[in-house]
Amino acid sequence: MAASSKRSASRKKPQRTSGNPARKPIVEAPPVTARDWIGAARLRTLPLAIAPVVIGTGAAQLVDRELHWVIALACLAVSVLLQIGVNFTNDYSDGIRGTDAQRVGPARLTASGQVNARTVLFTGLSFFALAALVGLAIVIRTGQWWMLAVGAVCIIAAWFYTGGKRPYGYFGLGEVFVFVFFGLVATLGTTWVQAFSLPQEAWLGAVAAGLFACGVLLANNLRDIEQDRAVGKRTLTVLIGKRATQILYTVFIVVPFVLSALIALLYPIAWLSLMALLAALPALVIVWMYRQPRELVVALALTSVTALAYAGALYWAFVG
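The rules behind each value
Residues numbered from 1 in each chain as written. Predicted model: local features only at pLDDT ≥ 70, side-chain atom pairs only at ≥ 80, totals over all residues. Heavy atoms only, no water. Patch = residues over 30% accessible without salt bridge, like charges linked within 9 Å, V, L, I, M, F, W, Y side chains within 5 Å. Areas by Shrake-Rupley, 256 points an atom, 1.4 Å probe, with all protein chains shown as cover. Salt bridge = Lys/Arg side-chain N within 4 Å of Asp/Glu carboxyl O. Helix = DSSP H or I, 4+ residues; strand = E, 2+ residues; numbered from the N terminus. Buried < 20%, exposed > 50% of the residue type's maximum accessible area, 1.4 Å probe, protein only. Contact = heavy atoms within 4.5 Å. Polar contact = N/O pair within 3.5 Å; in protein donor to acceptor, adjacent residues only side chain to side chain. Phe/Tyr/Trp six-rings, centres within 6.5 Å; stacked < 30°, edge-to-face > 60°. Lys NZ or Arg CZ within 6 Å of the ring centre and 35° of its normal.

Student: Outline a nonpolar patch on the surface, listing residues and values.
Tutor: Residues Ile-247, Val-251, Val-285, Trp-288 and Met-289 make up a contiguous nonpolar surface patch of about 470 Å² in total accessible area. Elements supplying a minimum of two residues to the nonpolar patch: helix 12 (242-264) and helix 13 (277-289). Note on placement: Trp-288 falls in helix 13. Since its relative accessible area comes to 33%, Trp-288 is described here as partly exposed.

Student: A description of the pattern of salt bridges should follow, citing residues and the corresponding values.
Tutor: Tallying each qualifying case throughout the model produces 3 salt bridges. Between Asp-224 and Arg-223 there is a salt bridge, and its shortest N-O distance comes to 3.0 Å. Note on Asp-224: relative accessible area 7%, which makes it buried. Given a relative accessible area of 4%, Arg-223 falls into the buried group.

Student: Residue-level account of the environment of Thr-190, with values.
Tutor: Looking at the element boundaries, Thr-190 is found in helix 8 (residues 174-195). Residue class for Thr-190 comes out buried when judged on its relative accessible area of 3%. Counting along the chain gives 111 residues from Thr-190 to Ser-79, while the straight-line C-alpha distance between them is 9.7 Å. Here Thr-190 is in contact with Pro-52, Val-53, Gly-56, Thr-57, Cys-75 and Val-185, once residues within four sequence places are set aside. Reaching out from Thr-190, the side chain makes a polar contact with the backbone oxygen of Ala-186 at a distance of 2.7 Å.

Student: Report on the packing of aromatic side chains, specifying residues and quantitative values.
Tutor: A ring pair, where both rings are aromatic, is described by two values, the distance of the centres and the angle of the planes. For the structure shown, the criterion picks out 11 aromatic pairs. Each ring, one from Trp-37 and one from Phe-88, has its centre 5.9 Å from the other, and the planes form 45°; the classification is tilted. Of the two residues, Trp-37 sits in helix 2 (residues 34-41) while Phe-88 sits in helix 4 (residues 69-97), which places them 51 residues apart along the sequence. A connected cluster of aromatic rings, assembled from ring pairs, spans Tyr-161, Tyr-168, Phe-177 and Phe-181. One cation-aromatic arrangement involves Arg-97 over Tyr-170; the distance from NZ or CZ to the ring centre is 5.2 Å.

In structure tokens, the structure reads:
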């Protein structure tokens, strides 16, 4: 009987554990790779930076048939560098605010903890600095010193999209600024520094480029609508709702093709821009019929491809 009691006590005796039982195991973030950095640059958005330069260069050649390829390439560099800078600073700003904590799309560097937030910020600001240097070279080459102010405003607008205490991207103004800077400013600026003139074709192309850029932003924000609503990020999509966003996206995609039809009355090759519908129509179907937010990543990429194909057709129409 005594032996039985000893065996029972032995079974009830707690086992020893090593270390502090209250301490949770530390899960380290996976090491950052080149693929992670490339993903943070969001290459699928770069066609939106290329398209306005292509259109603007074509419009410039309507005035001056000579291709000023050095200036054109410099304009392309500025546009692409600014776009990448925006993507990295957006990664930083949304990451430190917690906006990207439960995002649907690809993981971000800051939110995932893979890279120190200051490193991401420094990377974004470095791209802004490179864009500023190339822009300065354009100003020196063309003598258009007043454009220094335009460049400064572009960088300030790029930062305050999601940066600062009251980012305009959090108050439903993202599409307005995207239309102005990635449509009007990028296209018309490219035309001006090459031809010192702004023909009506440049204006029509600038509107089209801006609308495509707004379409990409709408698709992006539609994907993140539930998360943005939960964290208080009041994008235009959050403010107007899903159905109105789908309608507005459709308008943004369709209107450029109406404009190209008008351009085709004078430049028949512009009808080839309708070939871009091969990418635009699937994007429209996804935006209207998607069931999972992740599907909108494909719509975003297709919209960017549409913008680039459209720009190529307009360039050919202008110089052909």
